Amino acid sequence: MLKPDKHTDIKYSIVFLSAVMMKEILENGIIKYDDLKNSLTGKIGKGITENYEYTLSYLFMLGKIEYVDKLDSIKAI
């Protein structure tokens, strides 16, 4: 959902979610997967659940985040 159409709600788009997600990760340094999801749900709304994993994949492919499997957490690179 990188290309918006007339039905796209911008606040649930991957580009917007990635900006909010990076801000949250940078503020915390390292954050648990579920805590990040709960934080974004609280700030933006339940509509993020559809694009949450896509947003994580997008940031990972860009080389902006790293997954720490021992902690089940995400941190900025």
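In what follows, the accompanying structure is described. (Residues numbered from 1 in each chain as written. Predicted model: local features only at pLDDT ≥ 70, side-chain atom pairs only at ≥ 80, totals over all residues. Heavy atoms only, no water.)

**What about helix H1 (residues 14–28)?**
- Given a rise of 1.5 Å per residue, 15 residues ought to cover 21 Å, and the 21 Å separating the end C-alpha atoms of H1 matches this to within 8%.
- Considering only its buried residues, H1 is in contact with strand E1 (30–32), helix H2 (33–44), helix H3 (52–61), strand E2 (65–68) and strand E3 (73–76).
- Directly beyond the C-terminal end of H1, a positive phi value near 85° is found at glycine 29. (Helix = DSSP H or I, 4+ residues; strand = E, 2+ residues; numbered from the N terminus. Expected span 1.5 Å × (residues − 1). Contact = heavy atoms within 4.5 Å.)

**Things to note about the packing of H1 against H3**
- Two elements in contact, H1 and H3, have axes whose closest approach is 9 Å; the angle formed by their N-to-C orientations is 70°. As far as their axial angle goes, H3 and H1 are roughly perpendicular. Of the residues in H3, those in contact with Ile14, Leu17, Ser18, Met21 and Met22 of H1 are Tyr52, Tyr54, Thr55, Leu56, Tyr58 and Leu59.
- Its residues assigned to classes, the contact of H1 with H3 shows nine nonpolar, two polar and no charged. (Axes fitted to C-alpha atoms, helices over the stretch in contact; angles between N-to-C directions. Parallel < 35°, antiparallel > 145°, perpendicular 65-115°, else oblique. Nonpolar A, V, L, I, M, F, W, Y, C, P; charged D, E, K, R; others polar.)

**Thoughts on the sheet that holds E1**
- Here we have three strands laid out as an open sheet, ordered E1-E3-E2, and antiparallel in their pairing. For this open sheet the edge positions go to E1 and E2, each flanked by a neighbour on one side alone. Shown here is a sheet whose adjacent strand axes are inclined to one another by a mean of 25°, direction ignored.
- Two strands pair when backbone bridges link them, and E1 and E3 are joined in this way by three bridges, in the antiparallel orientation. Of the residues in E3, the one forming a bridge with isoleucine 31 is isoleucine 74.
- Where H2 meets the sheet, its contacts fall on E1 and E3, and the angle it forms with E1 comes to roughly 85°. (Pairing = 2+ DSSP bridges.)

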